[in-house]
Amino acid sequence: MAASFGGSFGAAAAVVAMLLTSAQAVQHIVGDDHGWDVSSDLAAWTIDRVFRVGDNIWFAYSAAEESLMELQSKEEYESCDLSNPIRMYVNGLDRVSLDGEGTRYFSSGKLENCRKGLKLHVDVMPGDVMSDGVAASAPESSAPIHLKATYLVWIALAINLARVWP
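Below you will find a few notes about this structure.

Each value, and the rule that gives it
Residues numbered from 1 in each chain as written. Predicted model: local features only at pLDDT ≥ 70, side-chain atom pairs only at ≥ 80, totals over all residues. Heavy atoms only, no water. Helix = DSSP H or I, 4+ residues; strand = E, 2+ residues; numbered from the N terminus. Buried < 20%, exposed > 50% of the residue type's maximum accessible area, 1.4 Å probe, protein only. Contact = heavy atoms within 4.5 Å. Disulfide = S-S within 2.5 Å. Salt bridge = Lys/Arg side-chain N within 4 Å of Asp/Glu carboxyl O. Lys, Arg positive; Asp, Glu negative; His and termini not counted.

1. Observations regarding the overall build of the chain
Item 1. Across its full length, the chain holds five helices and eight strands.
Item 2. Ordered by position from the N terminus, the helices and strands of the chain form the series α-β-α-β-β-β-α-β-β-β-α-β-α.
Item 3. With 166 residues in all, the chain has 40% of them scored as buried.
Item 4. A sequence separation of at least 24 residues applies to 70% of the contacts in the chain between residues at least 6 apart.

2. A short note on unusual backbone geometry
Working note: non-glycine residues mostly have negative phi, and peptide bonds are mostly trans.
Item 1. Even without glycine at this site, Asp32 takes up a positive phi of about 50°.
Item 2. At Asp48, a position not held by glycine, the phi torsion is positive, near 65°.
Item 3. Summarising the element assignment, Asp48 is placed in the loop between α2 (42-46) and β2 (51-52).

3. Examining the state of the cysteines
Item 1. Inspection of every chain in the model, using the stated rule, returns one disulfide.
Item 2. Here Cys80 pairs with Cys114 through a disulfide, and the sulfurs are 2.1 Å apart. Between Cys80 and Cys114, the S-S torsion sits near -85°, and that sign places the bridge as left-handed. One end of the pair, Cys80, is in the loop between α3 (74-79) and β5 (87-89); the other, Cys114, is in helix α4 (residues 111-115), with 34 residues separating them in the sequence. For the pair Cys80 and Cys114, a shared accessibility class is recorded, and that class is buried.

4. Describing the pattern of salt bridges
Two side chains of opposite charge can pair, provided their charged atoms sit close to one another.
Item 1. For the structure on display, the rule yields four salt bridges.
Item 2. The salt bridge involving Asp32 is made with Arg49; its shortest N-O contact spans 3.4 Å. A residue pair is termed long-range when its members are at least 10 positions apart, and Asp32 in the loop between β1 (27-29) and α2 and Arg49 in the loop between α2 and β2 qualify at 17 residues.
Item 3. With relative accessibility at 17%, the residue Arg49 sits in the buried group.
Item 4. A salt bridge links Asp99 to Arg104; the nearest nitrogen and oxygen atoms lie 3.9 Å apart.
Item 5. With relative accessibility at 65%, the residue Asp99 sits in the exposed group.

5. Here we look at the side chain of Glu76
Item 1. Within the fold, Glu76 resides in helix α3.
Item 2. One buried charged residue, Glu76, remains without a salt bridge, the closest side chain of opposite sign being Lys119 at 12 Å.
Item 3. Not counting residues up to four positions away in its chain, the partners in contact with Glu76 are Leu71, Asp81 and Asn84.

The following block contains the structure:
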């Protein structure tokens, strides 16, 4: 049990370090308090969210029970074809940098969970850049999705602790 907590704490510390180096990026925690889980209402979670180049999305889940895949196409996403993923994530707290415009497709690594709706597509918009190349300030409507590093750490710890202790 202590080893699991230590791993969670180490992951949380790494998250803080990464957040401090990317202060301008918006940090999106998939599923908020529920994390990457079948019980999460991902459709509701994505409403009114704007994903931009430079943002990060975080997937928090129990690595013993779940995994994450990035898929290549809309067809693979819709049919839950997990046979040829672009990338696999298995750490339990994974950051995905949105480094280019376009649509990205994510699915549970478990076929049955994908079929139950544990999948997410993200439309990445251009970053906020003004004509002189200086980053524009975020609109007020996006303020609720900006997260402080400590909030992200607490969510990651809570999700991991809830899965470790009955």
